[in-house]
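# Remarks on the overall topology
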Protein chains: 4
Amino acid sequence: MASGSEFGSILRLTTWGESHGAGIGAVLDGFPAGMDLSAEDIQKYLDRRKPGQSEISTPRSEADRVEIWSGVFDGKTTGTPISLLIRNTSQRSRDYGNLKDCFRPGHADYTYYSKYGFRDYRGGGRSSARETAGRVAAGAIAAKFLRELGVEICAFTKAIGPVQIDEKRFDKGLITKTKTCMPDAEADGQAMDFLKKCMDEKDSAGGVIECVITGVPAGIGDPVFDKLDARIAQALMSIGAVKAVEIGDGVNAALSNGSSNNDLFYMENEEVKKRTNHAGGILGGISDGSPIICRAHVKPTPSIFREQRTVDENGNERTLLIKGRHDPVVVPRAVVVVECMCALTVLDAMLSNMTSRADSVRSFYNRRKQ
Amino acid sequence: MASGSEFGSILRLTTWGESHGAGIGAVLDGFPAGMDLSAEDIQKYLDRRKPGQSEISTPRSEADRVEIWSGVFDGKTTGTPISLLIRNTSQRSRDYGNLKDCFRPGHADYTYYSKYGFRDYRGGGRSSARETAGRVAAGAIAAKFLRELGVEICAFTKAIGPVQIDEKRFDKGLITKTKTCMPDAEADGQAMDFLKKCMDEKDSAGGVIECVITGVPAGIGDPVFDKLDARIAQALMSIGAVKAVEIGDGVNAALSNGSSNNDLFYMENEEVKKRTNHAGGILGGISDGSPIICRAHVKPTPSIFREQRTVDENGNERTLLIKGRHDPVVVPRAVVVVECMCALTVLDAMLSNMTSRADSVRSFYNRRKQ
Amino acid sequence: MASGSEFGSILRLTTWGESHGAGIGAVLDGFPAGMDLSAEDIQKYLDRRKPGQSEISTPRSEADRVEIWSGVFDGKTTGTPISLLIRNTSQRSRDYGNLKDCFRPGHADYTYYSKYGFRDYRGGGRSSARETAGRVAAGAIAAKFLRELGVEICAFTKAIGPVQIDEKRFDKGLITKTKTCMPDAEADGQAMDFLKKCMDEKDSAGGVIECVITGVPAGIGDPVFDKLDARIAQALMSIGAVKAVEIGDGVNAALSNGSSNNDLFYMENEEVKKRTNHAGGILGGISDGSPIICRAHVKPTPSIFREQRTVDENGNERTLLIKGRHDPVVVPRAVVVVECMCALTVLDAMLSNMTSRADSVRSFYNRRKQ
Amino acid sequence: MASGSEFGSILRLTTWGESHGAGIGAVLDGFPAGMDLSAEDIQKYLDRRKPGQSEISTPRSEADRVEIWSGVFDGKTTGTPISLLIRNTSQRSRDYGNLKDCFRPGHADYTYYSKYGFRDYRGGGRSSARETAGRVAAGAIAAKFLRELGVEICAFTKAIGPVQIDEKRFDKGLITKTKTCMPDAEADGQAMDFLKKCMDEKDSAGGVIECVITGVPAGIGDPVFDKLDARIAQALMSIGAVKAVEIGDGVNAALSNGSSNNDLFYMENEEVKKRTNHAGGILGGISDGSPIICRAHVKPTPSIFREQRTVDENGNERTLLIKGRHDPVVVPRAVVVVECMCALTVLDAMLSNMTSRADSVRSFYNRRKQ
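Summary of the structure given here. (Residues numbered from 1 in each chain as written. Chains lettered and ligands numbered in written order. Predicted model: local features only at pLDDT ≥ 70, side-chain atom pairs only at ≥ 80, totals over all residues. Heavy atoms only, no water.)

### Side note on the overall build of chain A
Heads up, the condition is: Helix and strand definitions follow DSSP, with helices as H or I runs of at least four residues and strands as E runs of at least two, each counted in order from the N terminus. Computation of the radius of gyration draws on C-alpha atoms alone. For the globule rule, the value is 2.2 Å times the number of residues to the power 0.38. Only protein chains enter the accessibility calculation, which uses a 1.4 Å probe. A residue is then buried if its area is under 20% of the maximum for its type, exposed if over 50%, and partly exposed in between. The contact definition used throughout considers only heavy atoms, calling two residues in contact when any of these lie within 4.5 Å. Computed with the Shrake-Rupley method and a 1.4 Å probe, the accessible areas treat only the protein chains shown as cover for residues. In this tally Asp and Glu are treated as negative and Lys and Arg as positive; neither His nor the chain ends contributes. Here the site of a charge means NZ on Lys, CZ on Arg, CG on Asp, or CD on Glu.
For chain A, the helix and strand inventory stands at 8 helices and 18 strands. In terms of overall dimensions, chain A is globule-like: its C-alpha atoms have a radius of gyration of 22 Å, near the 21 Å expected for 370 residues. Over its C-alpha atoms, taken along the principal directions, chain A stretches across nearly 70 × 50 × 35 Å. Looking at the 370 residues of chain A, the share that counts as buried comes to 69%. Expressed as a percentage of contacts within chain A between residues at least 6 apart in sequence, the contacts between residues at least 24 apart total 68%. As displayed, chain A offers around 11300 Å² of accessible surface, 47% of which is attributable to carbon and sulfur atoms. Within chain A, the 48 negative side-chain charges are centred at a point lying 3 Å from the centre of the 49 positive side-chain charges.

### Some points on the interface of chain D and chain C
What counts here: Put simply, buried area is how much 1.4 Å-probe accessible surface two parts lose in total, over both of them, once they are put together. By definition, a salt bridge exists where a carboxyl oxygen of Asp or Glu is found within 4 Å of a side-chain nitrogen of Lys or Arg.
At the junction of the two partners, chain D supplies 104 residues and chain C supplies 103 residues. Between chain D and chain C lies a buried interface of about 8200 Å² when both sides are counted; carbon and sulfur atoms form 58% of it. Ranking the residues of chain D by area buried against chain C places K115(D), F225(D) and K243(D) at the top, with a combined share of 11%. The interface formed by chain D and chain C holds 2 salt bridges in total. Two residues, D222(D) and K115(C), come together in a salt bridge whose shortest N-O distance is 3.9 Å.

### Considering the sheet that holds strand β7 (residues 82–87) of chain C
Residues and elements named next belong to chain C. Rule in force here: One requirement defines pairing of two strands: DSSP has to find at least two bridges between them.
Across the sheet, which stays open at both edges, the 5 strands sit in the order β1-β2-β3-β7-β4 with antiparallel pairing between neighbours. Of all the strands in the sheet, just β1 (6–7) and β4 (66–70) have a single pairing partner and so form its edges. Direction of pairing for strand β2 (residues 12–17) relative to strand β3 (residues 23–29): antiparallel, over a ladder of 6 bridges. Note on β3: the bridge partner recorded for T14 is V27.

### Some remarks on the relation of the copies chain D and chain C
Short version of the rule: The superposition of copies rests on a least-squares fit of C-alpha positions from residues with pLDDT of 70 or more in both.
Take chain D, turn it by 180°, move it 0.0 Å along the axis, and it overlays chain C with an RMSD of 0.0 Å. Here the symmetry operator amounts to a two-fold rotation axis. Residue Q234(D), judged by its C-alpha, is the member of chain D lying nearest the rotation axis, at 2.4 Å. Interface overlap between copies: 99% of the residues of chain D at the interface are likewise at the interface in chain C, consistent with a symmetric, same-surface contact.

### With respect to the packing of helix α5 (residues 228–237) of chain A against helix α5 (residues 228–237) of chain B
Basically, it comes down to this: Interaxial angles span 0 to 180 degrees and are taken between N-to-C directions of axes, which are lines fitted to C-alpha atoms, for helices over the stretch in contact. Relative orientations are named as follows: roughly parallel for angles under 35 degrees, roughly antiparallel for angles over 145 degrees, roughly perpendicular for angles from 65 to 115 degrees, and oblique for any other angle. A clockwise turn of the near helix away from the far one marks a right-handed crossing, whereas an anticlockwise turn of less than a right angle marks a left-handed crossing. Residues are grouped as follows: Ala, Val, Leu, Ile, Met, Phe, Trp, Tyr, Cys and Pro are nonpolar; Asp, Glu, Lys and Arg are charged; all remaining types, including Gly, are polar.
For the pair α5(A) and α5(B), the least separation of the axes is 7 Å and the interaxial angle reads 160°. With respect to α5(B), the element α5(A) is oriented roughly antiparallel. In this structure, α5(A) crosses over α5(B), and the sense of that crossing is right-handed. When α5(A) is examined against α5(B), the residues D229(A), A230(A), R231(A), A233(A), Q234(A) and M237(A) are found in contact with a partner set consisting of D229(B), A230(B), R231(B), A233(B), Q234(B) and M237(B). Broken down by class, the residue content of the contact of α5(A) with α5(B) amounts to 6 nonpolar, 2 polar and 4 charged.

### Section: the relation of the copies chain B and chain A
The transformation that overlays chain B on chain A combines an axial shift of 0.0 Å with a rotation of 180°, and the residual RMSD is 0.0 Å. Mapped onto chain A, 100% of the interface residues of chain B again fall at the interface, so both copies present the same surface.

### Digging into the sheet that holds strand β7 (residues 82–87) of chain A
Residue and element names in this part refer to chain A. Spatial strand order, β1-β2-β3-β7-β4: 5 strands in an open sheet with antiparallel pairing. Two strands lie at the open edges of the sheet, namely β1 (6–7) and β4 (66–70), each paired on one side alone. Note: β1 against strand β2 (residues 12–17), 2 bridges, orientation antiparallel. By the bridge assignment, F7 is partnered in β2 with L13.

### Let's talk about the packing of aromatic side chains
The criterion, for reference: Two aromatic rings, drawn from Phe, Tyr or Trp (for Trp, its six-membered ring), form a pair once their centres lie within 6.5 Å of each other, and the interplanar angle then sorts them: stacked below 30 degrees, edge-to-face above 60, tilted otherwise. Over a ring means this: the NZ of a Lys or the CZ of an Arg is within 6 Å of the ring centre and within 35 degrees of the ring normal.
Counting across every chain of the model gives 48 aromatic pairs over all chains. When the ring of W69(B) is compared with that of W16(D), the centres are 6.3 Å apart and the planes differ by 80°; the resulting orientation is edge-to-face. With W69(B) in strand β4 (residues 66–70) and W16(D) in strand β2 (residues 12–17), this residue pair bridges two chains. Assessed through its relative accessible area of 8%, W69(B) is described here as buried. Consider the rings of F156(B) and F170(B), whose centres lie 4.9 Å apart with planes at 80°: the pair is edge-to-face. Of this pair, F156(B) sits in strand β8 (residues 152–160) while F170(B) is found in the loop between β9 (163–164) and α4 (185–200), placing the two residues 14 residues apart along the sequence. Assessed through its relative accessible area of 1%, F156(B) is described here as buried. Given the relative accessible area of 32%, F170(B) is considered partly exposed. In this structure an aromatic cluster arises from ring pairing among F103(A), Y110(A), Y113(A) and F265(B). Residue placement shows K115(B) over the ring face of Y116(B); its charged tip is 5.9 Å from the ring centre. A cation sits over an aromatic face here: R275(C) above Y266(C), 4.0 Å from the ring centre.

### A few points about the state of the cysteines
We apply this condition: Pairs of cysteine sulfur atoms within 2.5 Å are what we label disulfides.
Applying the stated criterion across every chain, the model contains 0 disulfides over all chains. With no disulfide of its own, C154(C) lies 7.3 Å from the sulfur of C211(C), the closest cysteine sulfur. C211(D) supplies the cysteine sulfur nearest to C342(D), a cysteine that is in no disulfide, at a spacing of 3.7 Å.

### Here's the deal with the environment of A191(A)
All names here are of chain A. Mapped onto the secondary structure, A191 falls in helix α4 (residues 185–200). The sequence separation of A191 and V27 amounts to 164 residues, and the corresponding C-alpha distance is 36 Å. For A191, the residues in contact, after removing those within four places along its chain, are I160, V163, T180 and M182.

### Here's the deal with the interface of chain B and chain A
On the chain A side, the residues contacting the 104 residues of chain B number 104 residues. For the pair chain B and chain A, the summed buried area comes to about 8300 Å², and 58% of that belongs to carbon and sulfur atoms. The largest share of the area that chain B buries against chain A comes from K115(B), F225(B) and K243(B), three residues that together contribute 11% of it. There are 2 salt bridges connecting chain B and chain A.

Have a look at this one:
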């Protein structure tokens, strides 16, 4: 869609809201009727994204409470649009004097100004990472339904700067316990040390988020342009700071040979299985029943507390010193955003898939008649 | 869109056709009226994708002649759908006996079968790389118009297996001359040696394609889900063998610090410029006027001429030996596909951008009145 | 879109909310940046739709105050989604006992129940005419911009039951003054008498709304499926009680001959004009510069205060007596809804039209460069 | 979609082609896999639209043979795009001298010229009624599948000029036998007399097409903007000469009272039924299980063989005398177009409806697992 704030084909998400406006919202249309849904189901996900939870997160302390304004009746989804609202409560009424007409390096100030001839300079406006709160609220609903369908989505921090997790120490339970969202306590400790050093140097860091989606049956995704991996790529690259997306072996696949990269099929309990999963669960854009594996590479937070040279709206060169509240790394808070974007993408593809066979359509309508 | 074979928002591409059907086609709707267009403008691009041009390309010798069936009158586009047809001429009427019900490793046979309960087993049907001919035909038209708008798109082979080009030897003129589409004769020689070794070992290789888009003004792309990089990510990941997409510094951005990754703005000839381009020309999903840089990582060709273990539609384990015509590496022929997908994506974003400001709309309609 | 609550192609409206939920909302995406916009601009339109303004309008007294939650900064649209909220304040917490599981004749109770297996029985939920408040709020914004582009949209009541206005007495100023929204005081008086008789008989009435759109330049609309008249037809038929849509001479065109129905072209002040306007300003789905004329035929309010036979969710036949607050005719309050749906449709078509010619695109980007 | 030549949400039709180009085509994407399909299934429908079959049809004798270029394998649909081609064989290479730069009254010449600054003047180009051949080819496929789902669609001529059919003489078998496609031999005779008189007077006539769709279960259609009747309205109004669309009682509904217009529910064989069907099978935009009834009002053919005053591209007033081949009434040939547009609309809504309930989605994926 030309307008930019909509996502999905059957399951349609529209988000709205600016960092320092009245609130952030999401409208989720096309969600099936009759699923139990409470604000608490959503709140759990928002709490994982919430700022102010550790020394590596901005001290801006938004409550980020979600309100369901429509689409749920008697505790169940009604099939009509689910409107979600998260009020902004902590916008400081401070003086934006030196930022107001200045283009922060690494941010969208200049590009929004170029596009619209005008911009909401308060905290980035629509381009703020705060926009992802709406994605998380909607994604939480999708994730809940996916669990009912047997699909689990698990994202985690794979690396921060040079510190990578060790797969051998993988402990899923740690993801929501460590401040870095790493599933590896040792790596978490190293990453925290690294981040403190960054902060001491008034600098910031990037990292990598991996997401593993299990339980998706073979056959999900559409050919050609709406391949499941193409949709995931759009979904993840649309998250503010993401600069690369990989599926399965990703960049390493390009370095391997066909003989080692091909995943061989075999039979197990009358099911088709693959001996390896270099493909990351997707062949020809359609799921193969193996876990779907994707990664998002996140750039360092552009807001650093050093003086930076830049220009302003009047074409003057300026020296900028950013103050305020900014995470030295956005990776931990973006983990749940990745998870939610994957949930929205996979559920949409699963809904779309229900009409792929004439016999499914026939049996759906024949059952209804009886 | 749920159906999969459509791309774009204002500039809409629909492709159709199977590897061994009657032909491959593309319908390009939403293209502005009044641009000069001949079949030859398109043919030049198709010729770059054409098989059978060197020892590292399948000897299948399709003529791949494009025919324009609608949307062009008196040598000019009419504003209505441009229908393009490329006949399949070289499908051998051979016996598919051993492939017919067998799932080739690394291919979409099993996933299409899972989705549709049924598939066109001849050469992969719709999942064949031959499908990209339609993208190239349509992309050639977009690329032509982009040149008129001052936008140049240049894709090339950056790496094949372990062989990378040396930026210092970059010679654009070589891209269409080397068999690998590398802009570096020395790397090309090494890559050809590497590929011959692969072929001797009945194996295949992957590689990396880079695309540089220059001349895009600042302000192109849409916020949130339709960020320009998100659309490019979908566009490139939707090409059959692509397993990773990077923008700008890509995976390396995740390893850097804010102080080095931020591109500082300065003024030059009254224009806003950036001293570096780690961002790859896109900030907050919108172009910043610098060259847009993206990369697609391509997996090794899954069709190798070794025996591979697999299963068939009846759930029997089998040993498969693929014969026939297959490129040992798809990278060189995919270079023009990457270029064309970028062209379609960027032109669509530029068309979409024309309505972003109220004053542009006002002046458009005021001019009309006079 | 499959989900139903979205409208438009470039200018995208998503609405949400139920009659007796917390509120009604609209998100308008794709609106150009830089237009002055205040809540008051929107409120004027909502006030025309507001219930409780006369004896022929439900006494439910909603304040229907619009709140702008995003997309406007410093009094100007920002180009990002405009989120609009209208709180429901007057839902009575009454006992829905006898309506709860009963299908009201002429309403959507049974069809929503059939679709979703479940429904919000309070006041029709999403199927309530209250849903149109979101359309009006968004349409008011489109109408404002259209006026800046020289386009005026004027809808009015053409008939209520058997009472039709007399074109010779047409007085535009009366539309917002008469209770029926008729531009003819005499017909208004007759219609009020007719409606009082209906109310005395515990019955309801239908009517006809006409909309005249002036100032649309020739060339607006798209070929084939997105013809301007086809979009208007969808727009108007999507309003709850509308059962027929006409363009120009409409049903009478089918009774005429080509020699009388054809509008002959002539030249006036170097402009192409038509001597008549049987076509209603649209030829081949594209505007011809004449006033665009359309009509919506509205069925009688299905809520009547007589006993009606019906069935309930358990398959029991029942006698139903509806109480509560219901307009005897919805036409007067639907006039502004028709106007707003036309505004959204026409502005969307005008935005879409900006990319129809290659030379417009070229000059847009050439101007930018200088 | 902004581009105009696409229709549908899950079932996506794209058409292309001009009256005097190489051919007319349609690409139908999103059609479920596994339905038997042959060219003959489609040809039967095209033959009903074919010109040159009687004295009231243009003598242009197109063979109108459909060719299936993709999406069907081994006689079954594959789930991927079905590409359909109908070659133009009868375009006369005549001199368009006097039409070339002249705007024919009642045609789209002037509006296309205004939009695109340029047009294919040969036979109307894309605006020709010949464009509907692609709709019929695609609609035939939808209609076939609908029959398998128990849905029958029957369109017929209800009126030509002042001659209306008598419902009491309704004989379905006559629809494909009478030259007017009227299901009433007596009315057919009167209509033929009327048309001959029109032709003698070098004039043309309009008429009304009714379509009755039976077997659609209750619950089909989407709320708000994508109401089933709103989609039908767009579908029918997008057919070239249609100027009004009615659902159920249509324009007469506006004249009735709630007490007579409401259809009362009752139980029959444990099913919810309605005693009347004023609503035309749709309540709140969603089917109620009764026959869906809609009507399209068609204007007289604008090509008449009298001298008409008009203007040309250079702004000169001119007298135009149209020669060539033109139906005196388009109604009979448009009957199958109406039927096909209804088929595409209803099947799309039925596919969309499969995801409306969470329990349907759960049982679909649970069945798959077992």
